[in-house]
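What follows is each chain in one-letter form.
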Amino acid sequence: MKLTTMTQVSVDGVMQGNGATSDDRRNGFERGGWAMGKGDDETRAFITRTYQRADAFLFGRRTYELFARSWGAIDQMRAHPIGVALNTTPKYLASTTLTAPGWEGTTVLPDGRAIRELKARPGGELQVHGSGVLTRWLLENDLVDEMTLIVIPVIVGQGTRLFPETGPDLGLDLAESRVDSKGVTIQVYRPAGRPQYATTTQS
């Protein structure tokens, strides 16, 4: 399967608490909701179309639980095209602790081997939304085929970032880029091996 990720990040790379203010207050985070209301109709339509083309979804536990109690439980959200896609498409949860998920249509994947086996299945697009810990693991293990970053024009100044201060390096090829009328940019990248660095020669 083609494994793709989609993540909303601030200009300084924060992904924590992008939605409602109460989404994620880990480590004293107090600046939640920084992405709410950002983006124009074209960006929202792009995001909706992305969900609608998925053949399966893969989640980390935190994002899964957030989505389950919103897109999976609130009638108004369930009726939205994104909610319809999420509720009618197979969902996979990467978790070693949650063994009995309550969201219908969910299969638990207990380890990395199970994730690799899922990706190895023929055809279709396997999408990861949010799920920072999972996304970082997938990138580190060369399992991501395409990565979409939706960059919100704000510097949050605190919170968990998509990419840690110290981590593996990765070159990227830009496949698509656009900016909307509110300054939100959408960048679609494809991993391209290790980056090239400057070299010095000594005489």
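Here, the structure is the one placed above.
Quick notes on the rules
- Residues numbered from 1 in each chain as written.
- Predicted model: local features only at pLDDT ≥ 70, side-chain atom pairs only at ≥ 80, totals over all residues.
- Heavy atoms only, no water.
- Pairing = 2+ DSSP bridges.
- Helix = DSSP H or I, 4+ residues; strand = E, 2+ residues; numbered from the N terminus.
- Axes fitted to C-alpha atoms, helices over the stretch in contact; angles between N-to-C directions.
- Contact = heavy atoms within 4.5 Å.
- Parallel < 35°, antiparallel > 145°, perpendicular 65-115°, else oblique.
- Nonpolar A, V, L, I, M, F, W, Y, C, P; charged D, E, K, R; others polar.
- Polar contact = N/O pair within 3.5 Å; in protein donor to acceptor, adjacent residues only side chain to side chain.
- Buried < 20%, exposed > 50% of the residue type's maximum accessible area, 1.4 Å probe, protein only.
- Arc of directions from axis to C-beta.
- Left-handed = near helix turned anticlockwise from the far one by under 90°.

A.B. asks: Requested: an account of the sheet that holds strand β3 (residues 91–94), with residues and values cited.
C.D. replies: Read from one edge of the open sheet, eight strands run β4-β3-β2-β5-β1-β6-β8-β7, paired in mixed fashion. Of all the strands in the sheet, the pair left with one neighbour each is β4 (106–109) and β7 (172–179). With strand direction ignored, the average angle separating the axes of adjacent strands in the sheet is 25°. Lying over the sheet, helix α6 (residues 132–140) contacts β1 (2–10), β2 (56–60), β3, β5 (125–129) and β6 (146–152), oriented at roughly 110° with respect to β2.

A.B. asks: Go over the packing of helix α5 (residues 112–119) against α6, please, and point to the residues and values.
C.D. replies: How two helices pack is summed up by the angle between their axes together with the distance between the axes. Here α5 crosses α6 at 70°, and the two axes come no closer than 12 Å. By the angle between their axes, α5 is roughly perpendicular relative to α6. The segment α5 lies against α6, with G112, I115 and R116 engaging L134, W137 and L138. Classifying every residue of the contact of α5 with α6 gives four nonpolar, one polar and one charged.

A.B. asks: Give me the lowdown on the environment of D12, citing residues and values where you can.
C.D. replies: Within the fold, D12 resides in the loop between β1 and α1 (41–52). Taking the C-alpha atoms as reference, D12 lies 5.5 Å from I155; in sequence the two are 143 residues apart. What D12 contacts, discounting residues up to four positions off in sequence, is V154, I155, V156, G157 and R161. Here the side chain of D12 touches S10 through a polar contact of 2.4 Å, side chain to side chain. In terms of polar contacts, D12 uses its side chain to reach the backbone amide nitrogen of G157, at 2.8 Å.

A.B. asks: For helix α2 (residues 61–68), give the residues involved together with the corresponding values.
C.D. replies: Within the span of α2, buried status applies to T63, Y64 and F67. Looking straight down α2, one finds that the buried residues subtend no more than 100° of arc, so they occupy a single side. Buried residues in α2 make contact with α1, β2, α4 (81–88), β3, β4 and β5.

A.B. asks: Please give an account of α6 that cites residues and values.
C.D. replies: Buried within α6 are the following residues: G132, L134, T135, R136, L138 and L139. For α6, the elements touching its buried residues are β1, β2, β3, α5, β5 and β6. A positive phi of about 60° marks D142, the residue just after α6.

A.B. asks: Describe the packing of α1 against α4, listing the residues and the values that go with them.
C.D. replies: Look at α1 against α4: their axes get within 9 Å of each other, and the N-to-C directions meet at 15°. Judged by the angle between their axes, α1 and α4 are roughly parallel. Like other packed secondary-structure pairs, α1 and α4 cross with a definite hand, here left-handed. On α4, the residues touching I47, T48, Y51 and Q52 of α1 are P81, I82, A85 and L86.

A.B. asks: I'd like a description of the pairing of β2, backed by residues and values.
C.D. replies: Taken across its five residues, β2 has five buried, putting it largely inside the fold. Of the pairings in the sheet, the one linking β2 to β3 comprises four bridges and is parallel in character. Residue F57 lies in a different strand from β3, and its bridge partner there is K91.

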